[in-house]
There are 4 protein chains.
Amino acid sequence: MVEEEKDPGSEYFDSDVTDRERAIFEGAITLGALYHQFVGTPIRSVESLEKAIKESALAHPFIEDADIQVIEAEKKGKAPFDYPILTGEMIEITLTTRYKDAQVELGMRRIPELDFPLMYIENVSE
Amino acid sequence: MVEEEKDPGSEYFDSDVTDRERAIFEGAITLGALYHQFVGTPIRSVESLEKAIKESALAHPFIEDADIQVIEAEKKGKAPFDYPILTGEMIEITLTTRYKDAQVELGMRRIPELDFPLMYIENVSE
Amino acid sequence: MVEEEKDPGSEYFDSDVTDRERAIFEGAITLGALYHQFVGTPIRSVESLEKAIKESALAHPFIEDADIQVIEAEKKGKAPFDYPILTGEMIEITLTTRYKDAQVELGMRRIPELDFPLMYIENVSE
Amino acid sequence: MVEEEKDPGSEYFDSDVTDRERAIFEGAITLGALYHQFVGTPIRSVESLEKAIKESALAHPFIEDADIQVIEAEKKGKAPFDYPILTGEMIEITLTTRYKDAQVELGMRRIPELDFPLMYIENVSE
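Residues numbered from 1 in each chain as written. Chains lettered and ligands numbered in written order. Predicted model: local features only at pLDDT ≥ 70, side-chain atom pairs only at ≥ 80, totals over all residues. Heavy atoms only, no water.

## Points about the interface of chain B and chain A
Turning to step 1, where the next piece is worked out: Contact with chain B, which involves 31 residues of that partner, is made by 31 residues of chain A.
Turning to step 2, where the next piece is worked out: At the junction of chain B and chain A, the tally comes to four salt bridges.
Turning to step 3, where the next piece is worked out: Between B:Asp16 and A:Arg20 there is a salt bridge whose closest N-O contact spans 3.1 Å.
Turning to step 4, where the next piece is worked out: Applying the counting rule to chain B against chain A returns 12 residue pairs in polar contact (both at pLDDT 80 or more).
Turning to step 5, where the next piece is worked out: For the side of chain B that touches chain A, the elements supplying multiple residues, two or more each, are α1 (19-38), β3 (102-111) and β4 (116-125) of chain B.
Turning to step 6, where the next piece is worked out: Taken together, the residues that form the side of chain B that touches chain A break down as 18 nonpolar, six polar and seven charged. (Contact = heavy atoms within 4.5 Å. Salt bridge = Lys/Arg side-chain N within 4 Å of Asp/Glu carboxyl O. Polar contact = N/O pair within 3.5 Å; in protein donor to acceptor, adjacent residues only side chain to side chain. Helix = DSSP H or I, 4+ residues; strand = E, 2+ residues; numbered from the N terminus. Nonpolar A, V, L, I, M, F, W, Y, C, P; charged D, E, K, R; others polar.)

## Quick notes on the sheet that holds strand β3 (residues 102-111) of chain D
Residues and elements named next belong to chain D.
Turning to step 1, where the next piece is worked out: Pairing is antiparallel across the open sheet formed by four strands, whose spatial order is β1-β2-β3-β4. The open sheet has two edge strands with one neighbour each: β1 (63-70) and β4 (116-125). Direction aside, neighbouring strands of the sheet carry axes that sit 10 degrees apart on average.
Turning to step 2, where the next piece is worked out: Here β3 pairs with β4 via nine bridges, running antiparallel. Each residue of the ladder has a partner; that of methionine 108, found in β4, is methionine 119.
Turning to step 3, where the next piece is worked out: Running at roughly 160 degrees to β1, helix α2 (residues 46-59) makes contact with β1 and β2 (91-99) of the sheet. (Pairing = 2+ DSSP bridges. Axes fitted to C-alpha atoms, helices over the stretch in contact; angles between N-to-C directions.)

## Remarks on the relation of the copies chain A and chain C
Turning to step 1, where the next piece is worked out: Between chain A and chain C, the superposition needs a rotation of 180 degrees and an axial shift of 0.0 Å, giving an RMSD of 0.0 Å. Here the two chains are linked by the operation of a two-fold rotation axis. (Least-squares fit on C-alpha atoms with pLDDT ≥ 70 in both.)

## Re the nonpolar core
Turning to step 1, where the next piece is worked out: A:Phe25, B:Phe25, C:Phe25 and D:Phe25 are the most contacted members of the largest nonpolar core, which totals 181 residues.
Turning to step 2, where the next piece is worked out: Every residue in contact with C:Phe25, bar those within four places of it in the chain, is listed here: C:Phe13, D:Ile24, D:Ala28, D:Leu31, D:Leu106, D:Met119, D:Tyr120 and D:Ile121. (Core = buried A, V, L, I, M, F, W, Y, C linked by side-chain atoms within 4.5 Å. Buried < 20%, exposed > 50% of the residue type's maximum accessible area, 1.4 Å probe, protein only.)

## A word on the relation of the copies chain B and chain A
Turning to step 1, where the next piece is worked out: The transformation that overlays chain B on chain A combines an axial shift of 0.0 Å with a rotation of 180 degrees, and the residual RMSD is 0.0 Å.
Turning to step 2, where the next piece is worked out: With an isologous cut-off of 70% or more, the 100% of interface residues of chain B that recur at the interface of chain A puts this contact in the isologous class.

## So, the interface of chain A and chain C
Turning to step 1, where the next piece is worked out: Across the contact, 17 residues belong to chain A and 17 residues belong to chain C.
Turning to step 2, where the next piece is worked out: Roughly 1,400 Å² is buried in total at the junction of chain A and chain C, and carbon and sulfur atoms are behind 64% of that figure.
Turning to step 3, where the next piece is worked out: Among the residues of chain A in contact with chain C, A:Phe81, A:Leu114 and A:Phe116 are the three that bury the most area, contributing 33% of the side total.
Turning to step 4, where the next piece is worked out: For the pair chain A and chain C, the interface holds two salt bridges.
Turning to step 5, where the next piece is worked out: Across the contact surface, chain A and chain C share two residue pairs in polar contact (both at pLDDT 80 or more).
Turning to step 6, where the next piece is worked out: Secondary-structure elements contributing two or more residues to the side of chain A that touches chain C are α1 (19-38) and β4 (116-125) of chain A. (Buried area = accessible area lost by both parts, 1.4 Å probe.)

## Here we look at the environment of D:Glu92
All names here are of chain D.
Turning to step 1, where the next piece is worked out: Of note, glutamate 92 is situated in strand β2.
Turning to step 2, where the next piece is worked out: Counting along the chain gives 39 residues from glutamate 92 to isoleucine 53, while the straight-line C-alpha distance between them is 11 Å.
Turning to step 3, where the next piece is worked out: Apart from the residues lying within four places of it in its own chain, the contact partners of glutamate 92 are Asp67, Ile68, Gln69, Ile71, Met108 and Arg109.

## Section: helix α2 (residues 46-59) of chain B
Turning to step 1, where the next piece is worked out: Its 14 residues place the ends of α2(B) 20 Å apart at the C-alpha level, agreeing with the 20 Å of an ideal helix rising 1.5 Å per residue.
Turning to step 2, where the next piece is worked out: Most of α2(B) sits out of view: 11 of its 14 residues are buried.
Turning to step 3, where the next piece is worked out: For α2(B), the complete set of buried residues consists of B:Val46, B:Ser48, B:Leu49, B:Glu50, B:Ala52, B:Ile53, B:Glu55, B:Ser56, B:Ala57, B:Leu58 and B:Ala59.
Turning to step 4, where the next piece is worked out: Where α2(B) is buried, its residues meet α1, β1 (63-70) and β2 (91-99) of chain B together with α2 (46-59) of chain C. (Expected span 1.5 Å × (residues − 1).)

## Examining a negative patch on the surface
Turning to step 1, where the next piece is worked out: On the surface, A:Asp65, A:Asp67, A:Glu105 and A:Glu122 cluster together into a patch of negative charge.
Turning to step 2, where the next piece is worked out: Within the secondary structure, A:Glu122 is located in strand β4. (Patch = residues over 30% accessible without salt bridge, like charges linked within 9 Å, V, L, I, M, F, W, Y side chains within 5 Å. Areas by Shrake-Rupley, 256 points an atom, 1.4 Å probe, with all protein chains shown as cover. Lys, Arg positive; Asp, Glu negative; His and termini not counted. Charge placed at Lys NZ, Arg CZ, Asp CG, Glu CD.)

## Section: the environment of D:Pro84
Residues and elements named next belong to chain D.
Turning to step 1, where the next piece is worked out: Examined against the element boundaries, proline 84 turns out to sit in the loop between β1 and β2.
Turning to step 2, where the next piece is worked out: The spacing of proline 84 and glutamate 74 is 10 residues in sequence and 7.5 Å in space, taken between C-alpha atoms.
Turning to step 3, where the next piece is worked out: When near neighbours in sequence (up to four residues on either side) are disregarded, proline 84 contacts Thr41, Pro42, Ile43 and Ala73.

Purely geometric numbers; function is a separate question.
Structure follows, in C-alpha cells:
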C-alpha cells in the first residue's frame, strides 16, 4: 500500500475545495508544465526524451503514474538542419493523479477535429 | 455581459466533470504553463516581462483575468554577468477563470514556511 | 561614448580566442537562448512578446542592440483553442554584439529554401 | 572517418566568417539552447535528464560530442514540495564542435568567483 502523501500546502487552499478538485488541479498543473518545459526541444532520440518527460512528470506532487508518447516527426529541411523540434502536436500524455481517495486520469493529445493538442480529463473516481 | 465562451473541447471530457472542476483545470494548466515557459528568462525590464506573461496567460482559454508580479531580485555576481534570471520564487500570479457559471481564483506565490512557490486555489464560486 | 564593458569572465577563455570570436560567441548564445526560452509561448499580443524578447536579449552581456519581429500566425483550430503558439519559424532576430573593437551582426530567420529558421552571421567588422 | 557534414546554410553567412568562427557560433547556439530549454525542469532522475540534454545537444548541427553533468541539489522545502528544479548553476556542459577542419571545445559551468554559470571557449584548434 502506498502511504498517503502529506500535504503541508493544504492550508493555503480554499477550504471548500474537494479532493477530486485538488487531484484535477495537480494533474492540470503538470500537463501545462510538461508542455511548456519541453516544447522546442531538438530531438535525436525519442526514447530518451520520453523518459525525461516522464521522470519530470513524476517529480510533481500527487502524480501516481505518467505515460508519455512522442510521435516521431517526418524529417523536413536539408541535412544537417533536418532534425525535428518537439511541438505540442507531437506529445501524448496520460497522467494519473491521486489526492486522498480521489483519483483522476487526465491527458493531452492532438484532436484532429480541433486541430489542437487538447488537454482533457478522462476519468474521475472516488 | 461577457458572452459565454464556446467549448468544442467539452465532448472529450468525462461527462462527470463539473463546471467548477473545469474552471480549476483550465486555470491550473495556465499556472503550470506560465511557470515553465518563463522561468529562466534573463531580466532587464520587469515591466515588459510582467506584461508578456500576462498576455500569454490571457491567451489561454477560459482565463478572465490575470495579475502578474515579478519580484525584483538583488543583483549578484559581477557585471556584466549580474543580471537576474527569472525563478519560480520571483513570480506571483493571480488568475480568474470562468467556465459557464463557475468562477475560480487561483494563484502562485512563494510560501516562506514551505520554501516553495506554491500553486493554490484561493476561491471557488458558482 | 559607451564605456567598454568589463569582462571578469575572460580569464576562463582560451587565450587564443580573438575579439571577433568572442563577439560571435556571445551573440550566438543569445540567439539560442531566445529561441528556446520563448518558443511555445501562447500569443495574444505580438507587441508585448516582441518587447519582452528584446529586453531579454539586451540583458545578455555584450549585446548592443536587438531587433525582434514576431510574424503573426494565421488562426487555426476552433475558438477558444485558436490562439497561436510561438514557433521558431515565426521569429526574426537581428542582434548587434560588441566585444572591445569587434562588432558583429547576427540573426535568425526562416529560410524558405531550407525550410528552417536559420541562425547566421550577417556581418563582422573590427 | 566521419564524413564532412554538408552545409546548405553557408551561403547565408558573411563570406568573411572563418571555419573557427563558425564552429564557435554553432557551439554557442547550442549552449544557449540547452540552458534555456531545460532550466526549470522538475527533477526526479538526474541520469535521465542528463541523457535527454545530451541527445538534444547532439541533434544540433556540427556538434561532435557532448558531456552533460547535472549536479544534484539538496532537497529543501517539505515533502511533497521538496523536489529540485534545474537551474543554470546545476548544469555542467562540455561540447565539441567541428566545422570543416576547425574544432572547438566549449562549455558552461558555475564559476564561484563570478557567482554565475559562465559559458566559455576552452580550446580552439585547426
